[in-house]
Amino acid sequence: MYSAIVQDHFHQPRRVGPLAGATHTGTAGVVGEGPYLVLWLKVDEDNKIVDAAYQTFGCPAAIASGSVLAELVEGKSPAEALLVSEENIVESLGGLPEGKDHCPRLAVQALKNALTSYSKEK
């Protein structure tokens, strides 16, 4: 059973993309083979994530994980955003049912992939 927070993010997802003006994009999963998530970030000249959006093709837990992740990283520097963990997402969602641990992992992997390009630029 999904928590009330997961249900809220599933029924009213926040920050659904694509994100116009994104400076970095990361993906996780394989299109057509289970959950897939795209994360867009906009990092400004002050080195802060000023906007984030996601799109996923997955279950309610995947949608909620992307929604929460996009909220968690806004206002952080890329280095701070990299500290966001699967556990942070699960905690922010009030827990996830057994067998749904791949969903926050997918979101965190997309974040790491988006910020890999950032690190290479710096």
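The paragraphs below set out a description of the structure included in this document. No experiment lies behind these values; they were computed from the predicted model shown.

## Thoughts on unusual backbone geometry
Phase 1: Backbone torsion omega between Gly-17 and Pro-18 reads 10°, so that peptide bond is classified as cis.
Phase 2: When you line up the elements, Pro-18 lands in the loop between helix H1 (4–11) and strand S1 (24–29).
Phase 3: Despite not being glycine, Arg-15 shows a phi value in the positive range, around 55°.
Phase 4: In this structure Arg-15 comes out as partly exposed when scored by relative accessible area, which is 31%.
Phase 5: One non-glycine residue with positive phi stands out, namely Asn-47, at about 70°.
Phase 6: Along the chain, the position of Asn-47 falls in the loop between strand S2 (36–43) and strand S3 (49–57).

## Digging into the packing of aromatic side chains
Phase 1: Scanning the model with the defined rule gives one aromatic pair in all.
Phase 2: Aromatic pair Tyr-36 and Phe-57: ring centres 6.5 Å apart, planes at 20°, arrangement stacked. Of this pair, Tyr-36 sits in strand S2 while Phe-57 sits in strand S3, and the two are 21 residues apart along the sequence.
Phase 3: Classification of Tyr-36 by relative accessible area gives buried; the value is 16%.

## Quick notes on the nonpolar core
Proteins that are soluble and globular tend to have nonpolar side chains buried together.
Phase 1: In terms of nonpolar packing, the biggest core is built from 26 residues, with Leu-37, Leu-39, Leu-41, Leu-69, Val-73, Ile-89 and Leu-111 touching the most fellow members.
Phase 2: Of all the secondary structure elements, the ones that give two or more residues to this core are S2, S3, helix H2 (60–73) and helix H5 (102–121).
Phase 3: Within the second largest apolar cluster, five residues are counted, among which are Leu-19, Tyr-36, Val-38 and Ala-53.

## Some remarks on the pattern of salt bridges
Phase 1: All told, the structure shown has seven salt bridges when counted by the stated rule.
Phase 2: A salt bridge links Asp-8 to Arg-14; the nearest nitrogen and oxygen atoms lie 2.5 Å apart.
Phase 3: Overlapping salt bridges bring together Asp-8, Arg-14 and Glu-71 as one network.

## Here's the deal with the pairing of S1
Phase 1: Where S1 and S2 come together, six bridges link them in antiparallel fashion. Bridge pairing in S2 links His-24 to Leu-41.
Phase 2: Hairpin connection, S1 to S2: the antiparallel pair is bridged by six residues, and Gly-32 has positive phi, about 80°.

Basis of the calculations
Residue numbers run consecutively from 1 along every chain, following the written order of its sequence. It should be noted that, the model being predicted, local features are given only for residues of pLDDT at least 70 and side-chain atom pairs only at 80 or more, the latter also being counted only at that level, while totals for whole chains, interfaces and linings use all residues. Hydrogens and waters are ignored; side-chain quantities use all the structure's heavy atoms. Numbering of helices and strands runs from the N terminus; a helix is a DSSP stretch of H or I covering at least four residues, while a strand is a stretch of E covering at least two. Burial here depends on accessible area, computed with a 1.4 Å probe over protein chains only, as a share of the maximum for the residue type. Under 20% is buried, over 50% is exposed, and the range in between is partly exposed. Working definition: a ring pair exists when centres of Phe, Tyr or Trp rings (six-membered ring for Trp) sit within 6.5 Å. Plane angles under 30 degrees give stacked, over 60 give edge-to-face, the rest tilted. Buried residues of nine kinds, namely Ala, Val, Leu, Ile, Met, Phe, Trp, Tyr and Cys, make up a nonpolar core once their side-chain atoms join them within 4.5 Å. Any carboxyl oxygen of Asp or Glu that lies within 4 Å of a side-chain nitrogen of Lys or Arg is treated as forming a salt bridge with it. DSSP bridges decide pairing: two strands pair if at least two such bridges lie between them.

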